[in-house]
Amino acid sequence: MVYGLWFMANSAFAAERLIEVKAKKFVYTPNIIKVNKGDTVKLRLISEDVHHGFFVDGYGVKTSAHPGQEGSLQFVADKAGRFNFRCSVTCGALHPYMIGYLYVSPNYLFWGGAFLVIFLGLISLISALRKKQKDERLKLFGIIPLDWRFPVTKFKPVRALLKSRWFPLLPIIFNLFVFTIILMAGFIGGLSAGNYNFGVMIVWILWWVLLMTFMVPIIGRFWCMMCPFPLIGDWIQRGKLVNVGRQKSWGLGKRWVSKWRNLWPLVVLFWVSTWFSGFFTVKPFATFVLLGAIILIAIITALFFEKRTFCLFICPVSGFQGLYSNFSLFGVRSRDPEICKKHVPKTCVVGSEKGYGCPWMELPYEMNRNTYCGLCFECLKTCPYDNMDVVLRPFGQDLFAERRRTDDVYNRRGTDEAFKALTMIGIFLSFFLAFQGPFGHLKDMVTAKTFGGYLGYLSESFSVDFLLLPGLTLLFAYLSKKFSGNKEVKLKQVFVNFAYCFVPVGLAVWAAFSLGIILPNGSYLLHIISDPFSWGWNLFGTSSIPWTPVFTGIMPYLQVLATAIGLLFALDFGYKFSLRTYATVEEAKRGWVPILVFLVGVHIFFIKLFTG
């Protein structure tokens, strides 16, 4: 009855909206359109430079316009919320990211998402306040013991596969073949539109989405396991690819500087690599240059430094994989520590006739985190007691692992990992606003349309990544310390401990961002697999399939869901970090409140980004 009255009243105020939209590379004017639910929208599209399209997510209506020839469409705004409208005709390099926003009031999804965030925060607060004593055994969501593990290598076919010298070499060789095509397509494609280029689409659409939604959160450094970039360096160092060659590198075998054997180099290098995101993510030749440079640097590094130094301390992708892999379900661990203690020499470190000493320079027999493990499985091959396992365990187990001696020696698990967690959030913000936002001036900045604008983008990126987000986290860490009443704990420790809350948060928002890439643009993949070099081929009969966005109507709901899942883990982990940070349960409860407020506020902001 109430809903019926509301609907009739709302319908009575429904209006006919005449809207003129001008399109030019790569922005709409107006870029934000606001109507009310029930309005009839009559839209006139005018192109100011090249052929442009206009497609409305969730409504499925579209039109296009050539210069001097207008397009038009009409629809009833009967769905409430925020809907992206996007270019449906390839118009240049940034075509997939030519986006505007249609707001249809009232925005139920935003308010519902914000309420969900607050509700989850209240549940976490109530649960924390009811705690009487510290848990002897940490449990995920109070249900699954965080120290639980199940060895998947107990199954003989799995163990046999991982102990084979052909694994993971065969996946690496397959990826080498794929990346050869990617490099050729990038070189041939030049400065053409990336959405119809094999290199751009495979790397920045398919690979990136799989990395953020599956590889890292589920398996950890799964990509490192089958990455082809270090293959030539391995061959140079070992002299062989399949059978076991030299344990001592044929290169100079220099050791990486001890004070930089942590995530700090990768914090900086990944941030620097994002300076060029407006080029290599959309232009084939820029992708070719980037990948070619990475391969060349990997080879040169292998000549001068020991083992996988490049992968550990130089590869820009390695840093976030290493940190985020602490959240993943799988890891390589020793089965019985007592066997390892008695085993001399440690073949997992020095190697044997069956395999190499850990290429990632870990001590596999005492490894308790995924950060620096590249899943090469050499330790499974070299252990004569079959005492190494691949284990399934709860999400986030590694975040609570005890510190090791090497953590202190190399200054690991401190501000390096805290800043990595926070800068990944800042980089997400920059990417989202530039590539999934409606703001043309930001697209001009990241693509260096003017030198001043480009410098402005770099300044903004540095300010957000290294000043604003760390500063806000430090402020709430300070408030946490003050609220707790604990004067002994160091502010740095509070800052670092609670920064780990942003590991699941970062994974969640990057997954949500990835949905905004793959769902609207994934159909371009069907074209490029049939015509990888844009030579008019039709290898699999899919080159003529038109651009077809899928599930874009429910995309904001999926993004809210992903964000909420990230918050769930952050809240669960956060209170556990508080218990570890402060001496008593009462201190932990009081110290948790400011951090909880901070996390809730941040997630309302994320909901606003995706839906508001």
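All figures in this text were calculated on a predicted structure; none of them were measured in a lab.

When helices and strands are tallied, the protein shows 24 helices and 16 strands. Taken against the 2.2 N^0.38 rule, which gives 25 Å for 612 residues, the C-alpha radius of gyration of the protein at 26 Å falls within 12% of a compact globule. With respect to the principal axes defined by its C-alpha atoms, the protein has extents near 80 × 65 × 50 Å. Burial analysis of the protein (612 residues in total) assigns 59% to the buried set. Intrachain contacts of the protein at a sequence separation of at least 6 include 77% that bridge at least 24 residues. With the model as given, the accessible surface of the protein reaches about 26100 Å², and the carbon-plus-sulfur share is 68%.

The next subject is the packing of aromatic side chains. A full pass over the atoms with the stated rule returns 66 aromatic pairs. With a centroid separation of 4.5 Å and 10° between ring planes, the pair formed by F476 and F598 is classed as stacked. Here F598 lies in helix α24 (residues 585–611) and F476 lies in helix α19 (residues 451–484), a separation of 122 residues in the sequence. For the pair shown, F476 and F598 are each scored as buried. If you follow K34 out to its NZ or CZ, it ends over the ring of Y103, 5.9 Å from the centre.

Turning our eyes to something else, we now look at the layout of surface pockets. By volume, the largest pocket amounts to about 610 Å³. Every element with two or more residues in the lining of the largest pocket is listed here: α16 (405–409), α20 (491–499) and α23 (555–581). The leading source of residues in the lining of the largest pocket is α20, at four residues. Among the residues making up the lining of the largest pocket, the classes are represented as seven nonpolar, seven polar and 10 charged. Taken together, domain 2 (109–136 + 423–611) and domain 3 (150–400) each give at least three residues to the lining of the largest pocket, which thus spans both.

Reading across from one edge, β12-β16-β13 is the order of the three strands in this open sheet, with antiparallel pairing throughout. Each having just a single partner strand, β12 (150–151) and β13 (330–334) make up the two edges of the open sheet. Strand direction decides the pairing type here: β12 and strand β16 (residues 388–392), joined by two bridges, are antiparallel. Of the residues in β16, the one forming a bridge with P151 is V391.

Our next topic: the pairing of strand β7 (residues 71–76). Only one face of β7 is covered, namely the face carrying G71, L73 and F75; the face carrying S72, Q74 and V76 is uncovered. Both strand β4 (residues 40–47) and β7 contribute to a ladder of six bridges, which runs antiparallel. Within the sheet, the bridge partner assigned to L45 lies in β7 and is G71.

In terms of domain boundaries, the protein breaks down into domain 1 (2–106), domain 2 (109–136 + 423–611) and domain 3 (150–400). Just the C-alpha atoms count here: the centres of domain 2 and domain 3 sit 25 Å apart. Summing the contributions of domain 2 and of domain 3, the shared interface buries around 3700 Å²; its carbon and sulfur component is 79%. Connecting domain 2 to domain 3 are zero salt bridges. On the surface where domain 2 and domain 3 come into contact, there are six residue pairs in polar contact (both at pLDDT 80 or more). Top contributing element to the side of domain 2 that touches domain 3 by residue count: helix α21 (residues 502–521), with 12 residues. Taken together, the residues that form the side of domain 2 that touches domain 3 break down as 30 nonpolar, eight polar and three charged.

A cis amide bond links T29 with the next residue in sequence, P30, at an omega value of 0°. In this structure, the amide linkage connecting F167 to the following residue, P168, adopts the cis form with an omega of 10°. Here P168 lies in the loop between α3 (156–163) and α4 (169–189). With a phi angle near 60°, R413 is a residue other than glycine that sits in the positive phi range. Tracing the sequence through the fold places R413 in the loop between α16 and α17 (415–435). Residue classification places R413 among the buried positions, given a relative accessible area of 12%. The backbone of S534 shows a phi angle near 55°, a positive value even though the residue is not glycine. Turning to its location among the elements, S534 is positioned in the loop between α22 (524–530) and α23.

Before going further, it helps to examine the pattern of salt bridges. Counting across every chain of the model gives 25 salt bridges. D389 is paired through a salt bridge with R335; the nearest N and O atoms lie 2.8 Å apart. Highlighted residues: D389 in strand β16 and R335 in the loop between β13 and α13 (337–342), separated in sequence by 54 residues. Overall, D389 belongs to the buried group, its relative accessible area being 4%. Since its relative accessible area comes to 47%, R335 is described here as partly exposed.

For the rest of this paragraph, the subject is the packing of α17 against α21. At a minimum axis distance of 9 Å, the contact between α17 and α21 shows a crossing angle of 20°. On the basis of the axis angle, α17 is roughly parallel to α21. α17 and α21 meet at a crossing whose hand is left-handed. Facing α17, whose interface residues are A421, L422, M424, I425, I427, F428, F431 and F432, α21 presents F502, V503, V505, G506, V509, W510 and F513. In terms of residue class, the contact of α17 with α21 is made up of 14 nonpolar, one polar and no charged.

Cut-off values and rules
Residues numbered from 1 in each chain as written. Predicted model: local features only at pLDDT ≥ 70, side-chain atom pairs only at ≥ 80, totals over all residues. Heavy atoms only, no water. Helix = DSSP H or I, 4+ residues; strand = E, 2+ residues; numbered from the N terminus. Rg over C-alpha atoms; globule rule 2.2 N^0.38 Å. Buried < 20%, exposed > 50% of the residue type's maximum accessible area, 1.4 Å probe, protein only. Contact = heavy atoms within 4.5 Å. Areas by Shrake-Rupley, 256 points an atom, 1.4 Å probe, with all protein chains shown as cover. Phe/Tyr/Trp six-rings, centres within 6.5 Å; stacked < 30°, edge-to-face > 60°. Lys NZ or Arg CZ within 6 Å of the ring centre and 35° of its normal. 1 Å grid on protein atoms, 1.4 Å probe; cavity = no way out; pocket = protein on both sides within 12 Å on 5 of 7 lines; lining within 4 Å. Points joined across faces, edges and corners; volume = space filled by probe spheres on them. Nonpolar A, V, L, I, M, F, W, Y, C, P; charged D, E, K, R; others polar. Domains from an automatic or database assignment. Pairing = 2+ DSSP bridges. Buried area = accessible area lost by both parts, 1.4 Å probe. Salt bridge = Lys/Arg side-chain N within 4 Å of Asp/Glu carboxyl O. Polar contact = N/O pair within 3.5 Å; in protein donor to acceptor, adjacent residues only side chain to side chain. Axes fitted to C-alpha atoms, helices over the stretch in contact; angles between N-to-C directions. Parallel < 35°, antiparallel > 145°, perpendicular 65-115°, else oblique. Left-handed = near helix turned anticlockwise from the far one by under 90°.

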